[in-house]
Amino acid sequence: MKDTISISLYCIAENATIADALTVITENKRGCVIVISDQGALLGILSDGDIRRALVRGAMELTPILKILNPNVLSLNRSAVSAQESKKIFSEHPEINLIPILDVGNVVTDVIARGEETT
């Protein structure tokens, strides 16, 4: 498992706002952020495009991200994760920049970022 600082660079809590998400997305330079519950379970992903579309529809910076997140996330199971599998996902899905690694209970234990996958 990566240290909490690395995971926090790519994850945000479920009670965050659009403004919070924009800050994390700006800092991680990946165009998206993984949304997790208070227990660390994967809830979804939020991209800068999702935020932009929500703002066009009338959302505000204080809108909770739970209202606009995308629950459909490609992830890998911690027990079956491999460098080949992450490279395959990144090559087949150019729109994906982050892959959450899940443990029991869909808890995010790690994140693989495009360009940071191991060989």
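Scroll up for the structure.
Residues numbered from 1 in each chain as written. Predicted model: local features only at pLDDT ≥ 70, side-chain atom pairs only at ≥ 80, totals over all residues. Heavy atoms only, no water.

Engineer: When you look at unusual backbone geometry in this model, what are you seeing that I'm missing?
Structural biologist: Most peptide bonds are trans, and most residues other than glycine sit at a negative phi. Although it is not a glycine, Lys 29 sits at a positive phi angle of roughly 55°. Assignment of secondary structure puts Lys 29 in the loop between helix 2 (18-28) and strand 2 (32-36). Despite not being glycine, Asn 106 has its phi angle at roughly 60°, a positive value. Structurally, Asn 106 can be placed in the loop between strand 5 (98-102) and strand 6 (108-113). With a relative accessible area of 44%, Asn 106 lands in the partly exposed category. (Helix = DSSP H or I, 4+ residues; strand = E, 2+ residues; numbered from the N terminus. Buried < 20%, exposed > 50% of the residue type's maximum accessible area, 1.4 Å probe, protein only.)

Engineer: What should I look at first to understand the sheet that holds strand 4 (residues 76-77) in this one?
Structural biologist: Reading across the sheet, the 3 strands line up as 4-5-6 and stay open at both edges, with mixed pairing between neighbours. A strand with exactly one partner marks an edge of an open sheet, and here the two such strands are strand 4 and strand 6. Where strand 5 meets strand 6, 5 bridges bridge the pair, whose relative direction is antiparallel. Residue pairing across strands places Ile 101 opposite Asp 110, the latter belonging to strand 6. Its contacts with the sheet place helix 4 (residues 83-92) against strand 4, strand 5 and strand 6, and it is angled at close to 145° to strand 5. (Pairing = 2+ DSSP bridges. Contact = heavy atoms within 4.5 Å. Axes fitted to C-alpha atoms, helices over the stretch in contact; angles between N-to-C directions.)

These results come straight from atomic positions and should not be treated as a statement about function.
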